[in-house]
Amino acid sequence: MKVTTKLASAVVFMFTLQAYAAKDSAKIAKDKTMNEATKGAPTSMSTPDFSLQGHDGKTYKLSEVLVEGKHVVLEWFNNDCPYVKKHYDSGNMQKLQKEYTDKGVKWFTIVSSAQGKQGYMDVKAAAQNKMDRKQNATAILLDPTGEVGKLYGAKTTPHMFVISPKGDQVYSGAIDSDSSYRPEAIAKSKNYVVAALEASMNGKKVEKPTTKPYGCGVKYN
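Model, not experiment: these values are computed from the prediction.

1. A look at unusual backbone geometry
No. 1: P158 follows T157 through a cis peptide bond whose omega is 0°.
No. 2: Its place among the elements puts P158 in the loop between β6 (156–157) and β7 (160–163).
No. 3: Even without being a glycine, K134 presents a positive backbone phi close to 55°.
No. 4: Residue classification places K134 among the exposed positions, given a relative accessible area of 65%.

Set out below in structure tokens:
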């Protein structure tokens, strides 16, 4: 009886060890999968995350974009604002969008105008606007509740933000140094977004991380 009891105990002990080993193996495999899935993701974002619908009907989440290791530009937009027209009618904004998206930057044009307010767009209107304006942004994102705009403190159109792959906001403010709505002033102005992108993309400190934004006030509710 004693031998049988000891043998039974040994068998139970062996099965217990195998169960723990299997559990540990499963945990290791799960952790490996999670690590692969989040490889390159920012570990501590100083910039608010968000998820918005795009002109193409897709949903864009900032943290998922940053996993790709790309810089991100956020551009607040109101198609009817003369300061926005300054940069779009001249082709300046489209040129910048193409130059930097070609370099791998993700560029999001955000519409935070509330329904019934100047500049409001739904998905259909945003898709049409992207074609009409020949925009080269990654996507036009729709924020009709103004939640994301207020989260970022977006005050004007345009109001520009540059975000590093780590999730750090390296620049916020005006697109350039000339606060007029005259297109002819663009050539003589200093482009703060270009300066911030070039510095950050080359591992350098952004000399002017904030400036006062200019333009039309964002048409929140």
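2. Structural notes on the pattern of salt bridges
No. 1: In total, this model carries eight salt bridges according to the counting rule given.
No. 2: Residues D49 and K61 are paired through a salt bridge, measuring 3.1 Å at the closest nitrogen-oxygen approach. Here D49, found in the loop between α1 (2–37) and β1 (51–54), pairs with K61, found in strand β2 (residues 59–61); they are 12 residues apart in sequence, far enough to count as distant.
No. 3: Judged by relative accessible area, which is 30%, D49 ranks as partly exposed.
No. 4: Given the relative accessible area of 30%, K61 is considered partly exposed.
No. 5: Its salt-bridge partner being E99, residue K103 comes within 3.8 Å of it at the nearest N-O pair.

3. Quick word on the packing of aromatic side chains
No. 1: Here the structure, examined in full by the defined rule, presents nine aromatic pairs.
No. 2: Here the aromatic rings of F50 and Y152 are separated by 6.0 Å at their centres, their planes lie at 75°, and the arrangement is edge-to-face. Of this pair, F50 sits in the loop between α1 and β1 while Y152 sits in helix α6 (residues 147–152), and the two are 102 residues apart along the sequence.
No. 3: You can call Y152 buried: its relative accessible area is 9%.
No. 4: Aromatic pair Y83 and Y181: ring centres 5.9 Å apart, planes at 90°, arrangement edge-to-face. Placement of Y83 in helix α3 (residues 82–89) and of Y181 in the loop between β8 (169–173) and α7 (192–201) is noted, with a sequence separation of 98 residues between them.

About the cut-offs
- Residues numbered from 1 in each chain as written.
- Predicted model: local features only at pLDDT ≥ 70, side-chain atom pairs only at ≥ 80, totals over all residues.
- Heavy atoms only, no water.
- Helix = DSSP H or I, 4+ residues; strand = E, 2+ residues; numbered from the N terminus.
- Buried < 20%, exposed > 50% of the residue type's maximum accessible area, 1.4 Å probe, protein only.
- Salt bridge = Lys/Arg side-chain N within 4 Å of Asp/Glu carboxyl O.
- Phe/Tyr/Trp six-rings, centres within 6.5 Å; stacked < 30°, edge-to-face > 60°.

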